[in-house]
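Structural overview for review
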Amino acid sequence: MTAGSSQRNAAVVLLIFHLYLYGSYQLTELQVCHLCNRTVQNSTALDQFCSASAGLVDGCCCLLRKENSSNADYVIGLDLSNCSLSHVKDLQEASTAAMIDISLNPIVQLNNSLFQGFIQLDNLILPVNLTCPGGNASWNKMEVKGDTRHCEGQKDICNQTGHLSLNCPENSLCAAYGPGFFECSCVDHFHGYKCLREGKFPIIKVFGILGASTVLVSILLWVTQRRKVKSA
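The name an unreviewed UniProt entry gives the protein chain is All-trans retinoic acid-induced differentiation factor, with Oncorhynchus mykiss as the organism.

Structure below.
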């Protein structure tokens, strides 16, 4: 093998490796971090929060790197302020964020379920014409500062005792699920509709019936198709 061919082979290997890394990056890229054509603005509250949290800036996101490098980074802050956004449809990629700023945008109304599942959200900055999601029941402090509305300290709208909640049916527990939202889960040994059935969920029985039904239907379909083929 000549020196020239060795160099060409090495270049091909490097190109393939580069394309692989680029493809992997594209697969893990968070679209929410590029809703605004800029990065996190300097000297803002979110910029200070990101620095204090030792976060990494990616577009308009502040990311925190997980200890296990095989896992993707996750969003702890999102800066969409002053991005000329007239509406915001989906922010679920930033559901782990502790701070979000969507102020100084011509947004008239937000989807009621926009922040559903945002249990870590502790500081939300909105255009002054919008109200804090969930209202007084969801935030410790709500105030207007100039052209922005600040919603600070998300409350747990469930009771604080960890026992049965008046918001959930009997035999279930309430858990906060974002500002203005909660979810109910059955306590041990209860399951089914409104957690009314006592005892463990009959996994073997249920999946046994489903499996037997699937096999039976498959056999019937196979026999039917065979008959059609023979008659043809």
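**Overview of the pairing of strand β7 (residues 148-154)**
Of all 7 residues making up β7, 6 are buried, and the element is well covered by its neighbours. As paired elements, strand β6 (residues 139-145) and β7 share 6 bridges and run antiparallel to each other. Note that in β7 the partner of Lys141 across the bridge is Glu152. Between β6 and β7, which pair antiparallel one after the other, the connecting turn spans 2 residues, and Gly146 there sits at a positive phi close to 65 degrees.

**Some words on the nonpolar core**
In terms of nonpolar packing, the biggest core is built from 30 residues, with Leu78, Leu91, Ile100 and Phe115 touching the most fellow members. Listed by contribution, the elements that provide at least two residues to this core are β2 (61-64), β3 (74-79) and β5 (123-127). With near-sequence residues (within four places) excluded, Ile100 lies in contact with Leu78, Ala94, Phe115, Phe118, Leu121, Asn123, Leu124 and Ile125. Among the nonpolar cores identified, the runner-up in size contains 7 residues, and Cys62, Ile76, Met99 and Ile125 belong to it.

**Some thoughts on the state of the cysteines**
This structure, assessed with the given rule, holds 7 disulfides. Linked covalently through their sulfurs, Cys33 and Cys61 form a disulfide whose S-S length is 2.2 Å. In this structure, the disulfide formed by Cys33 and Cys61 twists by about -100 degrees around the S-S bond and is classed as left-handed. Note that Cys33 is positioned in the loop between α1 (3-28) and α2 (45-52) and Cys61 in strand β2, a separation of 28 residues in sequence. Taking the relative accessible area as the measure of exposure, Cys61 reaches 0% and is therefore buried. In this model Cys132 forms its disulfide with Cys151; the gap between the sulfur atoms is 2.1 Å. What sets the handedness of the Cys132 and Cys151 disulfide is the S-S torsion sign, and at about -90 degrees it is left-handed. A residue pair is termed long-range when its members are at least 10 positions apart, and Cys132 in the loop between β5 and β6 and Cys151 in strand β7 qualify at 19 residues.

Scoring rules and cut-offs
- Residues numbered from 1 in each chain as written.
- Predicted model: local features only at pLDDT ≥ 70, side-chain atom pairs only at ≥ 80, totals over all residues.
- Heavy atoms only, no water.
- Buried < 20%, exposed > 50% of the residue type's maximum accessible area, 1.4 Å probe, protein only.
- Helix = DSSP H or I, 4+ residues; strand = E, 2+ residues; numbered from the N terminus.
- Pairing = 2+ DSSP bridges.
- Core = buried A, V, L, I, M, F, W, Y, C linked by side-chain atoms within 4.5 Å.
- Contact = heavy atoms within 4.5 Å.
- Disulfide = S-S within 2.5 Å.

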